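# Results of the structural survey
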Amino acid sequence: MTTIRAIRSKSVVTPEGIRAATVHIRNGAIEAITGFNDLPSGKHVYDAGESVVMPGLVDTHVHINEPGRTDWEGFETATRAAAAGGVTTLIDMPLNSIPATTTAAALETKRTAARNKCWVNVGFWGGVVPGNPGELRALHRAGAFGFKCFLVPSGVPEFAHVGEDDLRAALPELAALDAPLLVHAELLGPIDEATKKLTKSDPTKYRTWLLSRPPSAETEAVEMMIRLAREFKVRVHIVHLSSQLSVPLIRRAKREGVRITAETCPHYLFFASSSIRNGRTEFKCAPPIRDLQNGKKLWAALGNGAIDFVVSDHSPSPPAMKCLDTGDFFRAWGGIASLQLGLPAMWTNLSGRKDSLKHLVRWMCSEPARLAGLEKHKGAIAIGYDADLVVWNPEKRFIVRPNMLQHRHKLTPYVNEPLRGAVEATFLHGEMIYDRGRFLGTPQGALLRRGER
Ligand SMILES: [Zn+2]
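Below is a summary of the structure that appears in this document.

Ligation of the zinc ion by protein atoms is provided by His-61 (NE2), His-63 (NE2) and Asp-313 (OD), these donors lying 2.1 to 2.2 Å from the ion. One chain supplies every donor to the zinc ion, and in sequence these donors are spaced H-x1-H-x249-D. Highlighted residues: His-61 in strand S7 (residues 57-62) and Asp-313 in the loop between strand S15 (309-310) and helix H11 (342-350), separated in sequence by 252 residues. In this structure, His-61 and Asp-313 share a single accessibility class: buried.

Next up on the list: helix H3 (residues 133-141). Among the residues of H3, those classed as buried are Leu-136, Leu-139 and His-140. The buried residues of H3 occupy an angular sector of 95 degrees when the element is viewed end-on, so they sit on one face. Those residues of H3 that are exposed and aimed more than 90 degrees away from the buried face are Gly-134 and Arg-141. In the core, the buried residues of H3 are packed alongside helix H2 (104-114), strand S10 (126-127), strand S11 (147-150) and helix H4 (164-177).

Across the junction of Glu-66 and Pro-67, the peptide omega takes the value -5 degrees, indicating a cis bond. The linkage connecting Ala-286 with the following residue, Pro-287, adopts the cis geometry, with an omega of -5 degrees. Residue placement: Pro-287 occurs in the loop between helix H9 (266-270) and helix H10 (292-303). A positive phi angle, near 80 degrees, is found at Asn-65, a position not held by glycine. Positive phi, normally seen in glycine, also occurs at Asp-178, with a value near 55 degrees. Take Asp-178: it is sitting in the loop between H4 and strand S12 (181-184). Relative accessible area serves as the criterion here: at 39%, Asp-178 is assigned to the partly exposed category.

Within this structure, the stated rule accounts for 28 salt bridges. Two residues, Glu-256 and Arg-230, come together in a salt bridge whose shortest N-O distance is 3.1 Å. Here Arg-230 lies in helix H7 (residues 215-232) and Glu-256 lies in the loop between helix H8 (247-255) and strand S14 (260-264), a separation of 26 residues in the sequence. Since its relative accessible area comes to 48%, Glu-256 is described here as partly exposed. Residue classification places Arg-230 among the partly exposed residues on the basis of a relative accessible area of 43%.

Take the sheet that holds S14 next. An order of S10-S11-S12-S13-S14-S15 is seen for the six strands of this open sheet, with the pairing classed as parallel. Only two strands of the sheet have a single neighbouring strand rather than two, namely S10 and S15. Here strand S13 (residues 236-238) runs beside S14; their pairing, made up of three bridges, is parallel. If you follow Val-236 over to S14, its bridge partner there is Ile-260. Strands S12, S13 and S14 of the sheet are contacted by H7, whose axis makes an angle of about 165 degrees with S13.

Turning our eyes to something else, we now look at the packing of H4 against H7. Interhelical geometry of H4 versus H7 gives an angle of 40 degrees and a closest axis separation of 10 Å. Regarding the angle of H4 to H7, the classification is oblique. Handedness of the H4/H7 crossing: right-handed. Residue-level inspection shows Glu-164, Leu-167, Arg-168, Leu-171, Pro-172 and Ala-175 of H4 in contact with H7, the latter providing Met-224, Met-225, Arg-227, Leu-228, Glu-231 and Phe-232.

Scoring rules and cut-offs
- Residues numbered from 1 in each chain as written.
- Predicted model: local features only at pLDDT ≥ 70, side-chain atom pairs only at ≥ 80, totals over all residues.
- Heavy atoms only, no water.
- Donors = N, O, S within 2.8 Å, 3.2 Å for Na, K, Ca; no water.
- Helix = DSSP H or I, 4+ residues; strand = E, 2+ residues; numbered from the N terminus.
- Buried < 20%, exposed > 50% of the residue type's maximum accessible area, 1.4 Å probe, protein only.
- Arc of directions from axis to C-beta.
- Contact = heavy atoms within 4.5 Å.
- Salt bridge = Lys/Arg side-chain N within 4 Å of Asp/Glu carboxyl O.
- Pairing = 2+ DSSP bridges.
- Axes fitted to C-alpha atoms, helices over the stretch in contact; angles between N-to-C directions.
- Parallel < 35°, antiparallel > 145°, perpendicular 65-115°, else oblique.
- Left-handed = near helix turned anticlockwise from the far one by under 90°.

In structure tokens:
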């Protein structure tokens, strides 16, 4: 680990714009932003040259799975992947670990499991499941940043999905706490109806999987959540929005003052259903990756603010659970591993577009920080903000190879994809923790609690 007093670059991304500057660091925070040649005396200056210096990414949608399913992914490997991908803060989802984070005691179990293992800052979402409204206040007080729920089966038995009645019991609590509710927005009705028509279809065909999760499953769920957000005056956030048909619903609700936000993920923007070959279950996620036109509309929705930001939904599993031997999309675990690759996956398509760096920082740093209530000290290069920074080369191209990946199992749909934009160095609280493939020192990431700095 190397403590840095200043970082300079020809391309520092600040809220006021992109410029040549020196970022001065003191006690882990940004002390000043001065001219390029205005350097502190002595050593400990990192010269990033032409590479971009921007805030470390904030990824509010990560499944770490420890304790309980650490063989899927754990704090050490996931946060290494984060550091190598320029992500300096992540918020862990409340499911796939055992226990699920649905009580304050479970949150403490998770924090204990995470101690001394995290290379980047880690916070935790709590979960809303049937029967736990009585736990929500204590979970929130214990530091959960907000709450996540599913409207369809989550894939693991200990995190049951909720129906409208369950939500009606939980939402008054969340409104009183002013905590956001993150929602996996798909409803079972349209999925069951679509699946009934597919009993004779080949389960190894991507098209069969795609048809089984129709856009209407998402739009009907989004409509329900808008209705409930309006009625309970609660903050609702739609996770991994996949269908362009959901976009106008969200745009209209925002215009009408409903407290709703939405995220999408790099894989919905980078891949298109037409290029997913049959049996390639590493592409399986729910809701599914849709067609090229749909992806273009999601990009447009990001551009006009209907979709607020982009996070990974990093959700790995052991390769055997992906059923690559049979290629059966219906038996395979749904989840895409991509924590390390979000920045280049986005940049590969953004590069050369107008205001591309400004958009990248808004979508991957400042707006996800806002969802978690961290926007006053993370997600921007500004005086007083935490010196969590990433240095990356926007011109460099590379091909994704499994041996580059830091997460536990190297299976990801990005393998062999040519990408643009390479992370060179990552700084946490002003310390260099990652330098061109090397990790420096020991894990120093903070375990974050809501409301604490
Ligand atoms: Zn997820």
